[in-house]
Amino acid sequence: MDSFLIEGGLPLSGEVTISGSKNAVLPILAATLLTSETCIIRRVPDLSDVGFMLKILQSLGAEVTRDGDTLTIRAANISGRGDYELIRKMRGSICILGPLLARLKEAVVSLPGGCVIGTRPIDLHLKGLRGLGAQVEVEAGYVRVHAPRLEGQMIFLGGRVGPTVLGTANLMMAATLASGITVIESAACEPEVVDLADFLIAMGAKITGAGSPTITIHGVKALHGADHEVIADRIEAGTFAAVAAATGGEVTLRGARPDHLGAVLDKLQEAGAEIRRAAGVLTVRGTGSLKPIDITTMPYSGFPTDMQAQLMALACQAPGTSIITERIFESRFMHASELMRLGADIAIEGPSAIVKGGRPLSGAPVMASDLRASAALVIAGLAAKGSTQVHRVYHLDRGYERMELKLQKLGARIQRTPGE
Ligand code: EPZ
C-alpha cells in the first residue's frame, strides 16, 4: 500500500487545475444504463472509485472506452445483476439500482458495506423505489428490486438528518421512465444532483426543480444518448483552498465553480484566508494569521460534511478554540486521533470536536482511514514542521486525481512511496 512522504513547513503557491467531480460522475455513469444508445461523458477524473464504477457497468454488459478524460459508454445489452464483490466495496455503486429498475424492471445488487464514517443505510433509497411501485426484497446481503411497471408518485424522501444525495439520484433516475409524474419532496440540493439532472435532461428526460428541495419528473417512454461535461469537483477545490490557507501560500483554483463553494469560502475567510474572484478565476491566499472557526456540517448549501476533516486540520493551527460539529454522519472524526499524533489538541464531545489550536504541528507517521480524513492528514503534514508519512493513501486515490503531482506543482515536498 502506497504512502506519501511529506516535508512540511513551506507556503504552497501556484495554479492547480480542478478535476471533474467524483460525486457527480458516479451517478452520471450509472445513468448511462437508462438508454441503449451511446453516451459521451467528458472531464471524467481518473479515480479508483470511477474505475470501480466502470468495471460494474462492464459487468452488467455495457461497452466502455476511454480517451483521456472522455468516456464513451453504450449499455445496449445489459443484465440486472451487478458484480457483487465490486458493488459491496463501493458505496456509490448503489446508484445503479434506480436506472436498472427503470430500464429492465428489475435489479439485484449486494447491500453496500458501511464504512468508517457511518453505517450508511439505504432505507430511503428503498422507500423511494417502493414509492414508484417496486417490490423490494433484502436477503443474505443482497437487495432485489423489481416492478412490472413504475408509476409516478409524490414521495417524501427526507431522512433523520435531512435529504439523501444518492437516494435522490436513484429515485430521480428511476422516475424518468416511470409512467406519470413523480414529485420528490425533501430532495437533496447538492450541485452533483443538478449535474445529474442536466445529463438526464440532455438524454430526453423531463425534469424541473433540480437544486431545490422539490424535484418534478414527467416520465417518458425512452431516453436517448447524450454528450455531457461533468462539473468541477467542489470538494477537491475546497481541499486545495484549505492547503493555501494552512500553508500561508496563494493558490489559483483553475476550473473551480465559486458558486458551489459559498459556505466553504465563507469559513475560510472567517479563518483568516483571503479569497479573490477575478473573471471566474478563484484564488485563495493564506495570510499567515489564522483565526478559530465554528463549523456545523449541513445539507447543501450549508457547510459540506466532505470538507469537515480538511477544515479541522486548518483549525489545529488557528490560535484559540474552534468547535466543529458533524451533523450528517455518526462517526466522521477518525482524522482527529491522527491529527493529535502531529501535536494537535482535540477533544471529542459527542457530535463535536473541540480544537485548541495555535501550537505548531510537528511531523510524524500517520494512518489514513477514509477519503477526506486522508486529505486532512496531507494538509496537516504540509503545514507541520518536519516530515510526515501518510500511510494507506489508497483511501485518497479514491477521490483525488494524482494529488501528490498537483501538490508538487505548488512547490510541495511530497513523494509517493510504493507500498509493500
Ligand atoms: C453522498 O453520499 C456523497 N457520496 C458523500 O461523499 C457525501 O458525504 C454525502 O452524499 C453527503 O453529502 C457520493 O455522492 C458518491 P447521503 P450519500 O445519502 O448519498 C443518511 C465523499 O467523501 N441516510 O446524502 O451516500 C446517511 O446515513 C463521500 O466524497 C439514511 O439514513 O450520502 C447520512 O447520515 C463521503 N438513509 C445522511 O443520510 C438512506 O437511505 C446523508 O447521506 C440514505 C442516507
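Refer to the preceding data block for the structure.
What comes next concerns the included structure.

Attention now moves to the site of the ligand. Residues in close proximity to the ligand total 24 residues, the closest being Asp123, Leu124, Thr164, Asp306 and Ile328. Within the side chain of Arg332, an N or O atom sits 3.3 Å from an oxygen atom of the ligand. Elements with a contribution of two residues or more to the shell around the ligand: α1 (22-31), α5 (123-131), α6 (165-175) and α12 (371-383). Each residue belonging to the shell around the ligand can be placed in one class, and the counts come to 12 nonpolar, 4 polar and 8 charged. A domain split of the shell around the ligand shows at least three residues from each of domain 1 (3-18 + 232-417) and domain 2 (22-229).

What follows covers unusual backbone geometry. Residue Tyr300 is joined to Ser301 through a cis peptide bond whose omega torsion reads 20°. Within the secondary structure layout, Ser301 lies in the loop between β17 (294-296) and α10 (308-315). In this structure, Arg43 is a non-glycine residue whose phi angle is positive, near 60°. Counting through the fold element by element, Arg43 comes out in the loop between β3 (38-42) and α2 (48-60). In this structure, Arg402 takes a positive phi of about 45° despite not being glycine.

Right, let's get into the pairing of strand β4 (residues 63-67). Side-chain direction in a regular strand flips from residue to residue, so the side chains alternate between the two faces of the sheet. Note: β4 against strand β5 (residues 70-74), 5 bridges, orientation antiparallel. Paired with Glu63 across the strands is Arg74, a residue of β5. Turn length for the β4-β5 hairpin, with the two strands adjacent in sequence and antiparallel, is 2 residues, and the turn residue Gly68 shows positive phi of about 65°.

The rules behind the values
- Residues numbered from 1 in each chain as written.
- Predicted model: local features only at pLDDT ≥ 70, side-chain atom pairs only at ≥ 80, totals over all residues.
- Heavy atoms only, no water.
- Near = heavy atom within 4 Å.
- Polar contact = N/O pair within 3.5 Å; in protein donor to acceptor, adjacent residues only side chain to side chain.
- Helix = DSSP H or I, 4+ residues; strand = E, 2+ residues; numbered from the N terminus.
- Nonpolar A, V, L, I, M, F, W, Y, C, P; charged D, E, K, R; others polar.
- Domains from an automatic or database assignment.
- Pairing = 2+ DSSP bridges.

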